[in-house]
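The chain contents come next:
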Amino acid sequence: MHEAQREIRAVHTADTVTVYQAYSPGIGLPAAREGRFPAAWKRDRMTWIKPSFLWMMYRCGWATKEGQETVLAVEISREGFDWALRHACLSSYAPGVHPDRETWRRELKRSPTRVQWDPERDLRLRPLPYRSLQLGLSGEAARGYADEWTVAIRDVTPLVHEIHAHVRNDDLDAARALLPREQPYPAADAVLSALRP
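Before going into details, it helps to say that this report is about the structure given with it. As the structure is a prediction and not an experimental result, all values here were calculated from the model. (Residues numbered from 1 in each chain as written. Predicted model: local features only at pLDDT ≥ 70, side-chain atom pairs only at ≥ 80, totals over all residues. Heavy atoms only, no water.)

## Brief notes about helix α1 (residues 25-34)
Working note: α-helix, 3.6 residues per turn, so residues spaced by three or four point in the same direction.
Item 1. If you check which residues of α1 are buried, you get I27, G28, P30 and A31.
Item 2. Where α1 is buried, its residues meet β2 (16-23), β4 (70-77) and β8 (150-155).
Item 3. Phi for G35, located one or two positions after α1, is positive at around 75°. (Buried < 20%, exposed > 50% of the residue type's maximum accessible area, 1.4 Å probe, protein only. Helix = DSSP H or I, 4+ residues; strand = E, 2+ residues; numbered from the N terminus. Contact = heavy atoms within 4.5 Å.)

This is the structure:
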């Protein structure tokens, strides 16, 4: 099956998009219990959200890395997600997108969101030949995410452990059957045309 080289693939509905983050239990468990980020969640720091479940697994090592033992599925409004995409700048300089490095630096400084394209991962967390989105949120974007865009927060750590157990047992079919059903995000194309190197 042919995959677009750079595309947002996510679980989404008509109103929401699901993204993933991993935290220590001290942040993750209260967030899932309350359905919102606690006061201890730092709204003045950049936070990276990932629509790709398997890229999140690569990043957190199947919820085994220190400080990333609790994996959250955060359902946010499409309105907020689309706003973040519209206000994004690429996280690194791309000659085909920016006329020069100085222009890119100015954009980066102004932008509350950053787009980074990282190799998608398979169930064994090996890189695939196409890329998935990471979206960095800072300033008003981080505050909007934490306090306005979030619709629901679920602790999916038990699912992470279950899928990982199947992978360790070489039962990739069973693991694949449990993966979230990510589909191309249709509203992204027009916005992302300027953010694909």
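Next comes the rest of the account.
## A word on the environment of P99
Item 1. Counting through the fold element by element, P99 comes out in the loop between β5 (88-90) and α4 (101-110).
Item 2. Each C-alpha atom, one on P99 and one on Q5, is 22 Å from the other, the two residues being 94 residues apart in sequence.

## Here we look at the packing of aromatic side chains
Item 1. Counted by the stated rule, this structure contains 9 aromatic pairs.
Item 2. An aromatic cluster of three or more residues is present, and its members are Y23, F37, W41 and Y145. (Phe/Tyr/Trp six-rings, centres within 6.5 Å; stacked < 30°, edge-to-face > 60°.)

## A look at the environment of L90
Item 1. For L90, the location among the structural elements is in strand β5.
Item 2. For L90, a relative accessible area of 4% puts it in the buried group.
Item 3. The spacing of L90 and L135 is 45 residues in sequence and 9.5 Å in space, taken between C-alpha atoms.

## Some details on the nonpolar core
Side chains of nonpolar character tend, in soluble globular proteins, to be buried together.
Item 1. Judged by nonpolar contacts, the single largest core of 32 residues is most densely connected at F37, F81, L135, L137 and Y145.
Item 2. Elements that contribute at least two residues to this core include exactly β2, α1, β4, α3 (78-86), β5, β6 (113-121), β7 (127-137) and α5 (140-149).
Item 3. By residue number, the principal contributor to this core is α5, which donates 5 residues.
Item 4. Setting aside residues no more than four positions away along its own chain, F81 makes contact with I8, V17, V19, P51, I76, L133, L135 and Y185. (Core = buried A, V, L, I, M, F, W, Y, C linked by side-chain atoms within 4.5 Å.)

## Some points on the sheet that holds β4
Item 1. What the 3 strands build is an open sheet, ordered β2-β4-β8; its pairing is antiparallel. The open sheet has two free edges, formed respectively by β2 and β8, since each of these has just one partner strand. Going across the sheet, the axis of each strand differs from the next one's by a mean of 25°, ignoring polarity.
Item 2. As paired elements, β4 and β8 share 5 bridges and run antiparallel to each other. Within β8, the position partnered with E75 by the bridge is A152.
Item 3. The strands touched by α1 are β2, β4 and β8; relative to β4, the strand with the most contacts, the crossing angle is about 45°.
Item 4. Sitting on the sheet, helix α2 (residues 53-60) is in contact with β2 and β4, with an inclination near 10° to β2. (Pairing = 2+ DSSP bridges. Axes fitted to C-alpha atoms, helices over the stretch in contact; angles between N-to-C directions.)

## Describing the layout of surface pockets
Item 1. Approximately 440 Å³ is the volume found for the second largest pocket.
Item 2. Around the second largest pocket, the lining comprises 17 residues; the ones closest to its centre are A22, Y23, R45, M46 and T47.
Item 3. Elements represented by at least two residues in the lining of the second largest pocket include exactly β2, β3 (47-49) and α2.
Item 4. At 3 residues, β2 tops the list of elements feeding residues into the lining of the second largest pocket.
Item 5. Among the residues making up the lining of the second largest pocket, the classes are represented as 8 nonpolar, 5 polar and 4 charged. (1 Å grid on protein atoms, 1.4 Å probe; cavity = no way out; pocket = protein on both sides within 12 Å on 5 of 7 lines; lining within 4 Å. Points joined across faces, edges and corners; volume = space filled by probe spheres on them. Nonpolar A, V, L, I, M, F, W, Y, C, P; charged D, E, K, R; others polar.)

## Thoughts on unusual backbone geometry
Item 1. Backbone geometry places W62, a non-glycine residue, at a positive phi of 55°.
Item 2. Relative to the helices and strands, W62 is located in the loop between α2 and β4.

## Considering the pairing of β4
Side chains on a regular strand alternate between the two faces of the sheet.
Item 1. Counting buried positions along β4 yields 7 of 8 residues, so the element is predominantly enclosed.
Item 2. The pairing of β2 with β4 spans 8 bridges and is antiparallel. Its bridge partner lying in β4, V17 is registered against I76.

## Overview of the side chain of S52
Item 1. Relative to the helices and strands, S52 is located in the loop between β3 and α2.
Item 2. On the accessibility criterion, S52 (1% relative accessible area) is buried.
Item 3. In this structure the side chain of S52 is engaged in a polar contact, spanning 3.0 Å, whose partner is the backbone nitrogen of W55.
Item 4. A polar atom in the side chain of S52 sits 2.8 Å from the side chain of E120.
Item 5. Excluding residues that lie within four positions of it along the chain, S52 makes contacts with R9, Y20, E120, S132 and E182. (Polar contact = N/O pair within 3.5 Å; in protein donor to acceptor, adjacent residues only side chain to side chain.)

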